[in-house]
Amino acid sequence: MENVYITIVLAPLIGAIVAGFFGGRIGRRGAHSVTIGGVAVAAVLSLWVLSRFIWGDAAVFNDAVYTWMVSDGIRFEVGFLVDKLTAVMMATVSFVSLMVHIYTIGYMADDEHNWPHGALSGKNSYQRFFSYISLFTFSMLMLVMSNNFMQLFFGWEAVGLVSYLLIGFWSTRESAIFANLKAFLVNRVGDFGFILGIAAVGMYFGSMDYAEVFAAAPEHADTQVQVFGGVSLMTLICILLFIGAMGKSAQVPLHVWLPDSMEGPTPISALIHAATMVTAGVFMVARMSPLYELSETALSFVLIIGATTAFFMGLIGLVQNDIKRVVAYSTLSQLGYMVTALGASAYAAGIFHLMTHAFFKALLFLAAGSVIIAMHHKQDIRDMGGLWRRMPLTWVTALLGSLALIGFPGFSGFFSKDAIIEAVGASHVAGSGYASLLLTAGVFVTALYSFRMYYLVFHGRERMDEHTKHHLHESPWVVTLPLVLLAIPSVFIGWYTIEPMLVNDWWVSGDWNPIVVAHDHDTLHHLREHWEGQAAFVHHGLGALPFVLAATGLTLATIIWWLFHKWNPRIDEQLQALGGPVTRILQDKYGFDDFNQRVFAGGSRSLGRVLWTTGDRAVIDGAIVNGSARSVGRMAQRFRHLQTGYLYHYAIAMIVGLVGLLTLFVTL
Amino acid sequence: MHFDAANLIPILPEITLLITASLVLMVDLYLKEHEKGLNHTLTLIGIAIAIVLTGAVGGGEPQVFFDGNLIRDDISDLLKGAILIVSLLAFVYVRAWLQDRGMLVGEFYVLGLFAILGMLIMVSANSFLPLYLGLELQALSLYALVAFDRDSKKGAEAAMKYFVLGALGSGMLLYGVSMIYGATGSIEFAPVAQAVAEQGMSNKVLVFGIAFLVIGIGFKFGAVPFHMWVPDIYEGAPTPSVLILGSAPKIAAFALAIRMLVDGLGSLHPDWHQMLVILAVLSMGLGNLVAIAQSNIKRMLAYSTISHVGFIFLGLLAGSEQGYASAMFYSIVYAVMAAGAFGILLILSREGFDAERLEDLKGLNDRDAWYAAMMALVMFSMAGVPPTVGFMAKLLVLEAVVRVDMVWLALVAVFFSIIGAFYYLRVVKFIYFDKPADDAPLLVTTGGVRVAMSINGLVLLALGVFPAALLTLCQDAFA
């Protein structure tokens, strides 16, 4: 099996290297063939590995492949831990990535129009793009397949790097550069916490290996450390690691970079900023469940942050007019749901939602991308409308994706979201009441913003200009095929996987359990005990509050943005005006951006200026560097006059040296 | 005294050089002006044969021959090989310069060959007598080489200074030897070492002698305060002579130090160790500081030599096998670097023009990118920038010093190295970032100079990445 895993990881890397370094030589066709080939190998093998775990009896693999170094007793290795949790992630990541690769052929087909004429940075941009997304797939696989903290950190930073490169892919656009710098800086904050967490693990456990750390963790359950006046070690480690997850998975208040990341090309918004990379934090916390279970404080922290993100970010989605930003805020909100599930110790439900969300959110993004292609890269939903007639495939798949997103009974999102809401309701950690309320209310908001966008884009009057309207047509097959292939799991995967993932102890293989839940944290036990099959779960859901809220939201959206909108196309604006200060707060995104811009960005710039003028220029450059250089220069000028050119001076120097040595060393 | 023909085998390299020198001397008489190139060819062939013979007779257990006067061991094999190879490079570089000035005459080659012969004898010496004879043979040849350009006043002045100071240095060295002889009753290293070990520090005459020996060594190396001759001679002598004088003789000087101080007076290490500390610190300090103020590149390289000598002394004074091996590594590496640096100066010179000022290096990259890269490698290596071998050499020496608990000395060395980096990097800046003078032509070289210079430069890089190739040899020599 080791060779299979190595192949899964290396195939995308080889594709990335070939497309990246030889892109000019192999051309466009060569670049997308080699990268798609690499990712297809990874996807097929990952699905095979997953199938072996489901229907076969694949053993858990946990071994080092390569030892990088051993320092102070800590081994730094490249190794794989492949259990069912990893297998699910591998399959999700590589499958979505494959779909996005295929889709990209259509989306980037005329990328040269996105660059200023003759820009050198636009040369071979098509090949470069494929190289980056393949590199991303490699990094993400390294992250999820890791069996140790060092490799986890490597994957963590590598996906961050590729994300940075791709957000700023159109590097001649001011806004893209601003967005990728922002993403980079915000993630620095998260990663700082993350690496401190890893350092704490290294310091107290003396190992980077997951299995060793997990095995030793219970011994440290009561260890106290003297930080901030004494906290439990586990709380400290878990919260520090979670700060990393907050950056990567865009949780409040480190969420600010994700909406801006939409400056990148749409395929990567689907792959990186919706389906996979941003879920790395969720995966990481689930992987660390043996640690989180030891700290109720950390769980509570996770829960509150997640619920806050889920509700308040969804609200912002209501006032956005950029098609991609609506989906982006929806992603933030859904990530909040996953994180809340983690806080309620329902790790399995979090991962379950992660998987279903990966499919339907990738679908929605790619559908949005398909619309954007048709609209000639115009993204304002106020200028769309009535697209259903012209793009039937995109329309149908977007409808399916939206229904999955709002949790319409029977669709995949329904199962995962209901399970989360139920688990949070059963949770007893501090803040669970607050979280439960927000998540339930969030369902209503989700339905509202999802179908607001859906109706404004696909129904109602055609509001685009004549030129655009004239050219509107369905996207090519490379774009629609991934839509169809993603729509299938978006609809069905929840139905088929809820039973193994949430009800049966499917995760456990042999004596290895990737998802450890303490007995009194077991919030999914109610679901498990009353399980009577998917149909009964759907039936039960039809009578529950979340469904009522979703249905209300859907109905309200239909009335406002479909029926009223036909008579009054300005209804959206009027409603927003009606909101008054509330709308303004939402449009300001609660002021996070302004605050960061003023306090952190402005503050660090002025601090930097002070340090630059006084510290760097005056003290270091002026006094230390130039000062010492000047004094060395003066000494050099003085000493050179020792060399007079007179022979007798030289001879005297030698005699002086002789006398000196003799007097120093010959003591009679 | 009986004579055994087997004695001749270990000194076949020396014999080869002697024969070559005599041959050149005679052949030169019959050559017409345009045939003088034959001298060059003969010399190169002679040195090449000597290199092969060094390899052939080398290896195995140490052999003492000529009644204990000469020795052949791992140290001598390695040092002889290094001296011969560096000299071979040097002779390849000098030809064009000599030819351009009508100086391609036999005398230059004869003197050069005798100097090398002297160095080889120093390396092979097992007693003070041959050591001194080799030293004088080398020194006298070099005095003449410095004055080789008879019409140059500067050359004559430099030669005069060199000769007088050299005589003073040799005199002190000889006086020291006589003290040692007086105290121990022998001039062979082994009995001297035995006697010294018995008497120890109690004998003041020994310490007195050592002080004179150290001065002699300091003079040959050019260590402060016995360095005064170095800048003036480097500046005044014709560049080919400086090339021969500034490269391989450092290896011979190392042999001088090792043979006398370690083979002969090893048990007095606590005494001479202190003296070397003083010389080393002074050399590193003064050499690096004053080099900054130089505008003449030959003078700059002279002060650079002085500072490198400080480093070689660091390895010696550590007094451990590791220290001696690192000093040996450093000496050999330095000789290669110096050959490269002066080689580039020769390449830059042309008929009626000698590259002497730093400004002459300006824009070298535009005139010949490959030579510019080689010169940059040499400068980086001298400055001790990884991954060049100069870094490894410094690192090894510092490690040896730290191992014997002299951290302060290592700190001083690093401190002055940083100052020294300035003037090496300034050369790199001239090469790459400045425009060449308007009348500077593109560089044209013939006769394998490009090959030799490429080998010279790339060896510095290769040894930096794979130092073990040379380092193991050095370590085995002292193991």
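Taking an unreviewed UniProt entry as the reference, chain B is identified by name as NADH-quinone oxidoreductase subunit N belonging to Thiorhodococcus mannitoliphagus. A UniProt comment under Sequence similarities (unreviewed entry) is attached to chain B, and it reads "Belongs to the complex I subunit 2 family."

In the nomenclature of an unreviewed UniProt entry, chain A corresponds to NADH-quinone oxidoreductase subunit L from the organism Thiorhodococcus mannitoliphagus.

Chemist: Can you walk me through the overall build of chain B in this structure?
Modeler: Helix and strand content of chain B: 20 helices and two strands. Counting all 479 residues of chain B, 64% fall into the buried class. Nonlocal contacts in chain B, meaning residues at least 24 apart in sequence, comprise 79% of its contacts between residues at least 6 apart. Carbon and sulfur atoms make up 67% of the accessible area of chain B, which amounts to about 16,600 Å² in all.

Chemist: Whenever I open this one, the interface of chain B and chain A confuses me. Can you help?
Modeler: A common way to report how large an interface is uses the accessible area buried once the components associate. If you look at the interface, chain B gives 34 residues, while chain A gives 24 residues. For the pairing of chain B and chain A, the buried interface totals around 2,600 Å² over both sides, and the portion due to carbon and sulfur atoms is 82%. Counting across the interface, chain B meets chain A through zero salt bridges. For the pair chain B and chain A, the interface holds six residue pairs in polar contact (both at pLDDT 80 or more). In terms of residue class, the side of chain B that touches chain A is built from 24 nonpolar, four polar and six charged.

Chemist: Help me out: how do you make sense of the pattern of salt bridges in this one?
Modeler: Should the charged atoms of two oppositely charged side chains come close, the side chains can pair. Residues and elements named next belong to chain B. For the coordinates displayed, the defined rule picks out 35 salt bridges over all chains. Asp 360 serves as the salt-bridge partner of Arg 357, at 3.0 Å between the closest nitrogen and oxygen. Among the residues examined, Arg 357 registers a relative accessible area of 46% and is labelled partly exposed. Residue classification places Asp 360 among the buried positions, given a relative accessible area of 10%. One salt bridge connects Lys 429 with Asp 434, and the closest N-O pair in it is separated by 3.6 Å. Among the charged side chains, a salt-bridge network with shared partners connects Lys 154, Glu 157, Lys 161, Asp 232, Glu 235 and Arg 299.

Chemist: What's the story with the side chain of B:Asp28 in this structure? I'm lost.
Modeler: All names here are of chain B. In this structure, Asp 28 sits in helix H1 (residues 12-30). The exposure class of Asp 28 is buried, given its relative accessible area of 12%. Engagement of the side chain of Asp 28 in a polar contact is seen with the side chain of Asn 39, the distance being 2.9 Å. Non-local contacts of Asp 28, meaning those with residues more than four positions away in its chain, are made with Lys 36, Asn 39, Val 105, Gly 106 and Glu 107.

Chemist: Where do I start with empty space enclosed by the protein in this structure?
Modeler: It is the rolling of a water-molecule-sized probe over the atoms that shows where space remains empty. All names here are of chain B. Within this structure, the stated rule accounts for eight cavities of 30 Å³ or more. Looking at the largest cavity, the residues that line it are Met 122, Leu 135, Gln 138, Leu 142, Tyr 162, Phe 219, Lys 220, Trp 229, Leu 245, Pro 249, Lys 250 and Ala 253. Elements that contribute at least two residues to the lining of the largest cavity include exactly helix H5 (128-146), helix H8 (204-221) and helix H11 (248-264).

Chemist: I'm lost on the layout of surface pockets in this one. Help?
Modeler: All names here are of chain A. Empty space within the largest pocket amounts to approximately 610 Å³. The wall of the largest pocket is formed by 18 residues, among which Leu 185, Val 186, Asn 596, Phe 600 and Ala 601 lie closest to the centre. Those elements that place two or more of their residues in the lining of the largest pocket are helix H6 (174-205) and helix H26 (592-639). When grouped by side-chain class, the residues that make up the lining of the largest pocket number 11 nonpolar, three polar and four charged.

Chemist: Help me understand the packing of aromatic side chains in this model?
Modeler: By convention here, two paired aromatic rings are described through the distance between centres and the angle between planes. This structure, assessed with the given rule, holds 50 aromatic pairs over all chains. The interplanar angle of 55 degrees and the centroid separation of 5.4 Å between the aromatic rings of A:Tyr164 and A:Phe184 together place this pair among those described as tilted. Remark: A:Phe184 occurs in helix H6 and A:Tyr164 occurs in helix H5 (residues 149-167); sequence separation between them is 20 residues. Judged by its relative accessible area of 36%, A:Phe184 falls in the partly exposed class. With 5.9 Å between their ring centres and 80 degrees between their planes, B:Phe108 and B:Tyr109 make a pair best called edge-to-face. Its relative accessible area of 0% is what places B:Tyr109 among the buried residues.

Chemist: Even after reading the chapter, I still don't get the environment of B:Asp368, so can you show me in this structure?
Modeler: Residue and element names in this part refer to chain B. Tracing the backbone through its elements, the reader meets Asp 368 in the loop between helix H15 (364-367) and helix H16 (369-383). With 73 residues separating them along the chain, Asp 368 and Pro 441 place their C-alpha atoms 9.8 Å apart. The residues touching Asp 368, leaving out its near neighbours within four places in the chain, are Leu 443 and Arg 450.

Chemist: Would you mind going over the environment of B:Leu361 with me for this structure?
Modeler: Residues and elements named next belong to chain B. Inspection of the secondary structure puts Leu 361 in the loop between helix H14 (321-348) and H15. For the pair Leu 361 and Ile 431, spaced 70 residues apart in sequence, the C-alpha separation works out to 5.7 Å. Excluding residues that lie within four positions of it along the chain, Leu 361 makes contacts with Ile 297, Ile 344, Leu 348, Met 375, Val 427, Phe 430 and Ile 431.

Chemist: Teacher, can you tell me more about unusual backbone geometry here?
Modeler: The phi torsion of most residues other than glycine is negative, and most of the peptide bonds are trans. The omega torsion of the bond from A:Val252 to A:Pro253 falls at 0 degrees, within 30 degrees of zero and hence cis. The topology assignment puts A:Pro253 in the loop between helix H8 (233-248) and helix H9 (257-260). The residue after B:Pro386, namely B:Pro387, is reached through a cis peptide bond having omega 5 degrees. Even without a glycine there, the phi angle at A:His377 is positive, about 60 degrees. Relative to the helices and strands, A:His377 resides in the loop between helix H15 (347-374) and helix H16 (392-406). In this structure A:His377 comes out as partly exposed when scored by relative accessible area, which is 35%. Backbone geometry places A:Lys589, a non-glycine residue, at a positive phi of 55 degrees. Tracing the chain through its elements places A:Lys589 in the loop between helix H25 (581-587) and H26.

Chemist: Explain the nonpolar core here, please?
Modeler: Buried together is how nonpolar side chains tend to be arranged in soluble globular proteins. If you look at the biggest cluster of nonpolar residues, it comprises 219 residues, and the most contacted ones within it are A:Met145, A:Phe149, A:Leu241, A:Met288, A:Leu291, A:Tyr292 and A:Leu502. Broken down by element, the residue count for this core peaks at 20 residues, all from H15(A). Ignoring sequence-local partners within four residues, the contact set of A:Leu502 consists of A:Ala348, A:Ala349, A:Phe352, A:Ala419, A:Leu524, A:Leu527 and A:Arg528. Ranked by size, the runner-up nonpolar core spans 196 residues in total, among them B:Leu245, B:Ala302, B:Ile347 and B:Val378.

The rules behind each value
Residues numbered from 1 in each chain as written. Chains lettered and ligands numbered in written order. Predicted model: local features only at pLDDT ≥ 70, side-chain atom pairs only at ≥ 80, totals over all residues. Heavy atoms only, no water. UniProt positions renumbered as here; feature names shortened; annotations may be inferred. Helix = DSSP H or I, 4+ residues; strand = E, 2+ residues; numbered from the N terminus. Buried < 20%, exposed > 50% of the residue type's maximum accessible area, 1.4 Å probe, protein only. Contact = heavy atoms within 4.5 Å. Areas by Shrake-Rupley, 256 points an atom, 1.4 Å probe, with all protein chains shown as cover. Buried area = accessible area lost by both parts, 1.4 Å probe. Salt bridge = Lys/Arg side-chain N within 4 Å of Asp/Glu carboxyl O. Polar contact = N/O pair within 3.5 Å; in protein donor to acceptor, adjacent residues only side chain to side chain. Nonpolar A, V, L, I, M, F, W, Y, C, P; charged D, E, K, R; others polar. 1 Å grid on protein atoms, 1.4 Å probe; cavity = no way out; pocket = protein on both sides within 12 Å on 5 of 7 lines; lining within 4 Å. Points joined across faces, edges and corners; volume = space filled by probe spheres on them. Phe/Tyr/Trp six-rings, centres within 6.5 Å; stacked < 30°, edge-to-face > 60°. Core = buried A, V, L, I, M, F, W, Y, C linked by side-chain atoms within 4.5 Å.

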